[in-house]
Amino acid sequence: MKNIKIQLVLFFFLGLIIIPPVRGEEIILYSNSDETITIANQLELLEDTQNILSVKEVLRSRNFQKTTLEVPNLQISNSSFWAKFQIKNLTDQQKIVLELPYPIIDEVILYSILPSGEYKMEKAGEYIPVEKRFYKHQNYIFNIEIPTNETRTFLIKVRSSEQMQLPLIVGTSNLILESLLTKDLIFGIYAGIILVMFFYNLFVYFVVKDRTYLYYVSYILTVGLTQACLQGYSFRFLFLDSSLLANQSMIIIPALSGVTALIFLNSFLQVKIHTPTLYKIILIIYGMYALAISLGIVGQYHISQNLVQLCAMLGSVLVFIIAYKTARKGLRAAKFFFIAWSIFLSSVIIFVLKNFGILPYNNFTFYALQIGSGLEVILLSLALADRINIFKKEKEESQQQTVNALLENERIIKEQNIILEAKVTERTFELKKSNNELTTTLSELKQTQSQLVNAEKMASLGQLTAGIAHEINNPINFVVSNVKPLRRDIEDIYQLVNKYETIHSSDDIQNELLLVNTYKKEIDYDYLKEEISTLLKGIEEGAVRTADIVKGLRVFSRLDENDLKRTNVIDGLDSTISLLNSEINGYIDLEKNYAILPDIECYPGKLNQVFMNILNNAIFAIKENTSRVEKGLLVITTSSDSEFVKISIKDNGIGMSDKIKAKIFEPFFTTKDVGKGTGLGMSITFSIINDHNGKIEVNSEFGKGTEFILILPINQ
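Analysis parameters
- Each chain carries its own residue numbering, running from 1 in the written order of its sequence.
- A pLDDT threshold of at least 70 governs which residues receive local features in this predicted model, and a stricter bar of 80 or more applies before side-chain atom pairs are shown or counted, although totals over entire chains, interfaces and linings include all residues.
- Side-chain metrics rest on all non-hydrogen atoms present in the structure, leaving aside hydrogens and water.
- Where helices and strands are cited, they refer to DSSP runs of H or I of at least four residues and of E of at least two residues respectively, numbered from the N terminus.
- Per-residue accessibility, obtained with a 1.4 Å probe over protein chains only, is compared with the maximum for each type, and a residue is labelled buried under 20%, exposed over 50%, and partly exposed between these values.
- Contact between two residues is taken to exist if any of their heavy atoms lie within 4.5 Å; hydrogens are not considered.
- What goes into a patch is any residue over 30% in relative accessible area without a salt bridge, connected to like charges within 9 Å or, for nonpolar side chains (Val, Leu, Ile, Met, Phe, Trp, Tyr), within 5 Å.
- All accessibility values rest on the Shrake-Rupley procedure with a 1.4 Å probe; residue burial counts only the protein chains present in the view.
- Any carboxyl oxygen of Asp or Glu within 4 Å of a side-chain nitrogen of Lys or Arg constitutes a salt bridge here.
- Lines fitted to C-alpha atoms define the axes here, with helix axes fitted over just the stretch in contact, and angles between the N-to-C directions of these axes take values from 0 to 180 degrees.
- Should an angle fall under 35 degrees it is taken as roughly parallel, and over 145 as roughly antiparallel, whereas 65 to 115 is taken as roughly perpendicular and any remaining angle as oblique.
- Crossing handedness is defined as follows: a turn of the near helix away from the far one that is anticlockwise and smaller than a right angle gives a left-handed crossing, while the clockwise case is right-handed.
- As used in this structure description, the phrase polar contact means that two N or O atoms lie within 3.5 Å; if the pair is within protein, one of them must be able to donate a hydrogen and the other to accept it, and residues adjacent in sequence are counted only when both atoms belong to side chains.
- In these notes, a set of buried Ala, Val, Leu, Ile, Met, Phe, Trp, Tyr and Cys residues joined through side-chain atoms within 4.5 Å is what counts as a nonpolar core.
- Only strands that DSSP links by at least two bridges are regarded as paired with each other.
- Under the convention adopted here, Pro, Cys and the residues Ala, Val, Leu, Ile, Met, Phe, Trp and Tyr are nonpolar, Asp, Glu, Lys and Arg are charged, and Gly plus all remaining residues are polar.
- Working definition: rings of Phe, Tyr and Trp (its six-membered ring) pair if their centres are within 6.5 Å, and the pair is stacked with planes under 30 degrees apart, edge-to-face with planes over 60 apart, and tilted otherwise.

## With respect to the overall build of the chain
Phase 1: Scanning the chain from terminus to terminus reveals 19 helices and 20 strands.
Phase 2: Expressed as a percentage of its 716 residues, the buried residues of the chain come to 44%.
Phase 3: A fraction of 76% describes how many contacts in the chain between residues 6 or more apart in sequence connect residues 24 or more apart.

In structure tokens, the structure reads:
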């Protein structure tokens, strides 16, 4: 049999029943053409273990054994089986129909033995498509001709990879066809129940999103397909007469039915929680089913069939035990499951007892399995529906508990509000007091911040003033040192002029001219002229240098330019460098790589402060790098594109580590000694660049130098 549940009783309740041998032959009498007769219990059976016997050898064989079972059960075997019977026709119908309503046999051959000793052969079985059969039905139906009052001998050879039974029926074609229609109608009702339960539970799944319903839908589908395979409807309508699919479906579909049943059981009864030990056995059965399916796919049908039946037996007993143990714990769902499974097992027992001849072969016993399966599906659907009621009740109880908790919380909140209002009043007073203190502190912090910024400016101003004083001192000293000799030379010229003026009033002009010429030689008049020219030129250079310094200072300060203005940044760079000449000359080589830059929109005075801060730091870093062999180098490079100008200020100073580089823009951070820096210069620089919507990048390597790259937009 193919249904996975039948083997439970087959092995568990009855054991293996072997066909008892009975000697002698019996003629089957067909005397009433208005009825069908079952001849399965009057067959003589012969097993061909080697599958080599011919028809003549079978007819001569004395090894036939007569069965007394209502339906012979040939089990799962690699052997071929021969059934021999004789029918005497006592009716007026010469054309009689022989039906074998067991549509899962792979090969069925009917041999009609003629009086001459010859025979006619007709083949059927799963290897013969339904469309090629005389009767377009999944059952195996043969037309046999027996003249009235004559006897004919027949042989049937069967062979299959599945379990085989021989429920042979004889009757007229009308009676057999009416019987087929009745069977189709009954299976249609059963299929309708399965489909109704399938779509009903599928709809419920989409509504409640409970995966248990999805597992149950899968179980319903596989149970229905299993019955369709057993009755041959899957071969007739689903597999398009494919014998390969038919054989493999008899393994895969019952196996999936068992697997989905166990999955549904685990989800519905929470087996892993209630019976964890039995849950481990379920996992083992899963593995056995997987092995059975694998063997079936590779063509080991007999081993696979036996393994599926073993799994079915173990699974059925296990399900019964789990349902019983869970029901005893008071789980309401388990009671429904136990009742449904008990009904199904009862139908299996009836079906098996019919197969072994203990119960009569009639419509009730024949359809017992479908009846039990249908009732099981309906009862389990009711159990799942009751599950919704349980969920609803639990939800209502949960909601009531929530309402009670909310009421209790409301009471507690009211009591707490009174306490909180008093505390809030107290805390409000404390917060106001703290707020006043914070306001005072904030004001002091702002004042301190302003003082620190001013201190940084004053520090920069001090350095700038010292540089300017040094720069102006040189040309001024030059002017001052030239004034005294210039005055002396001018006085000599005045004396010479006075001597020329006295010549007009003298009588002795020649003598006076001689005296004047003598004086000119004394004062070295030619050298005097050259010296005066040199002194005037030196004074002029000192004045021009002083004027340049004043002009650079004015450009640097930009006191009259506090608003955005288009400015050439190179002018700002040069003015800043001119103020730092005293720090650069003699110590540092200055390299300018200026490109032609467009005027940018900026705050010129603030931008000059940026240049001053970066250049001052670069000069300081160069002087700090005492390990350097080469001379200090300061490289200023400019470039531009359509949107930005880029200014690079690079030195070969001491450089910075990654740790220091990460902090240079933090307020009050400095690497200079105490009293040499406030730590606000680079913080102010960063703020000014942000105000210009620009970016500042820093590349530095400790011991090798640092590069600051300023990127400023041309238009704000």
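## A word on a nonpolar patch on the surface
Phase 1: A cluster of nonpolar side chains, Phe364, Ile371, Leu375, Ile378 and Leu382, forms an exposed patch at the surface whose accessible area comes to about 440 Å².
Phase 2: By residue number, the principal contributor to the nonpolar patch is helix α12 (residues 368-503), which donates four residues.
Phase 3: Mapped onto the secondary structure, Ile378 falls in helix α12.

## Brief notes about the pattern of salt bridges
Phase 1: One pass over the structure, following the stated rule, counts seven salt bridges.
Phase 2: Across the salt bridge formed by Arg152 and Glu150, the nearest N and O atoms sit 3.2 Å from each other.
Phase 3: Given the relative accessible area of 12%, Arg152 is considered buried.
Phase 4: When its relative accessible area of 33% is taken as the criterion, Glu150 is described as partly exposed.

## Focus on the packing of helix α4 (residues 211-230) against helix α6 (residues 243-269)
Phase 1: At a closest axis distance of 8 Å, the pairing of α4 and α6 adopts a crossing angle of 150°. Relative to α6, α4 is oriented roughly antiparallel. For the element pair α4 and α6, the recorded crossing hand is left-handed. Contacts from Thr212, Tyr215, Tyr216, Ser218, Tyr219, Thr222, Val223, Leu225, Thr226, Cys229 and Leu230 of α4 reach α6 at Ser249, Met250, Ile253, Pro254, Leu256, Ser257, Thr260, Ala261, Ile263, Phe264, Ser267 and Phe268.

## Examining helix α15 (residues 569-579)
At 3.6 residues per turn, the α-helix brings residues three or four places apart onto the same side.
Phase 1: The buried count for α15 comes to eight of eleven residues, which makes it a mostly enclosed element.
Phase 2: Turning to α15, its buried residues number three or more, namely Val569, Ile570, Gly572, Leu573, Ser575, Thr576, Ile577 and Leu579.
Phase 3: For α15, the side-chain oxygen to backbone nitrogen distance between the N-cap and Ile570 is 2.9 Å, and the N-cap itself is Asn568.

## Overview of the nonpolar core
Buried together is how nonpolar side chains tend to be arranged in soluble globular proteins.
Phase 1: Grouped together as the largest cluster of nonpolar side chains are 54 residues, with contacts concentrated most on Tyr216, Leu265, Phe268, Leu269, Tyr289, Ile322 and Phe337.
Phase 2: At the level of elements, α3 (173-208), α4, α6, α8 (276-297), α9 (301-328), α10 (332-355) and α12 are the ones that each hand at least two residues to this core.
Phase 3: Among the elements that make up this core, the one with the highest residue count is α9 (ten residues).

## A look at the sheet that holds strand β10 (residues 140-145)
Phase 1: Reading across the sheet, the four strands line up as β2-β13-β7-β10 and stay open at both edges, with antiparallel pairing between neighbours. Of all the strands in the sheet, just β2 (37-38) and β10 have a single pairing partner and so form its edges.
Phase 2: Where β2 lies against strand β13 (residues 169-171), two bridges are found, and the strand directions are antiparallel. The partner of Thr38 across the bridge, within β13, is Ile169.
Phase 3: On the sheet, α3 packs against β7 (95-100), β10 and β13 and is oriented at approximately 30° with respect to β7.

## Looking at the environment of Glu541
Phase 1: Looking at where Glu541 falls in the secondary structure, it is placed in helix α14 (residues 525-557).
Phase 2: Overall, the relative accessible area of 48% leaves Glu541 in the partly exposed class.
Phase 3: Taking the C-alpha atoms as reference points, Glu541 and Ile476, 65 residues apart in sequence, are found 10.0 Å from one another.

## Side note on unusual backbone geometry
Most peptide bonds take the trans configuration, and most residues that are not glycine carry a negative phi.
Phase 1: Even without a glycine there, the phi angle at Asn51 is positive, about 60°.
Phase 2: Counting through the fold element by element, Asn51 comes out in the loop between β3 (44-48) and α2 (55-60).
Phase 3: Taking the relative accessible area as the measure of exposure, Asn51 reaches 25% and is therefore partly exposed.
Phase 4: Of note, the phi angle at Asn149 is positive, near 65°, even though the residue is not glycine.

## Things to note about the packing of α6 against α9
Phase 1: It is at 10 Å that the axes of α6 and α9 come closest, and there the two elements cross at 20°. Comparing their axes, α9 and α6 come out roughly parallel. Viewed along their axes, α6 and α9 form a crossing whose handedness is left-handed. For the pair α6 and α9, the contacting residues are Leu244, Asn247, Gln248, Met250, Ile251, Pro254, Leu262, Leu265 and Leu269 in the first and Tyr301, Ser304, Gln305, Val308, Val319, Ile322, Ala323 and Thr326 in the second.
Phase 2: For the contact of α6 with α9, a count of residues per class yields twelve nonpolar, five polar and no charged.

## A few points about the packing of aromatic side chains
Phase 1: Scanning the model with the defined rule gives 13 aromatic pairs in all.
Phase 2: Seen from their ring centres, Tyr219 and Phe264 are 6.5 Å apart, and the 5° between their planes marks the pair as stacked. With Tyr219 in helix α4 and Phe264 in helix α6, the pair connects residues that are 45 residues apart, well separated along the chain. One exposure class covers both Tyr219 and Phe264, and it is buried.
Phase 3: One aromatic cluster in this structure is built from Phe187, Tyr190, Tyr233 and Phe237.

## Regarding the sheet that holds strand β20 (residues 705-713)
Phase 1: Ordered in space as β15-β17-β18-β20-β19, the five strands form an open sheet in which the pairing is mixed. The two strands at the open ends of the sheet, each matched to only one other strand, are β15 (588-593) and β19 (695-701). The sheet shows a mean angle of 10° between the axes of neighbouring strands, taken without regard to direction.
Phase 2: Inspection of the sheet shows strand β18 (residues 644-651) paired to β20 by eight bridges, in the antiparallel sense. Within the sheet, the bridge partner assigned to Ile647 lies in β20 and is Leu710.
Phase 3: Across the face of the sheet, helix α19 (residues 681-691) comes into contact with β19 and β20 while running at roughly 140° to β19.

## Considerations on the pairing of β3
On a regular strand, one side chain projects to one face of the sheet and the next to the other, so that they alternate.
Phase 1: Taking burial as the measure, the five residues of β3 include four buried ones, the bulk of the element.
Phase 2: Two strands pair when backbone bridges link them, and β3 and strand β4 (residues 65-66) are joined in this way by two bridges, in the antiparallel orientation. Each bridged residue has a counterpart across the sheet, and for Glu44 the counterpart in β4 is Lys66.
Phase 3: For β3 and strand β6 (residues 80-89), the ladder comprises five bridges, and the chain directions are antiparallel. Within the sheet, the bridge partner assigned to Asp48 lies in β6 and is Ser80.

No statement about biological role is implied by the geometric values presented.
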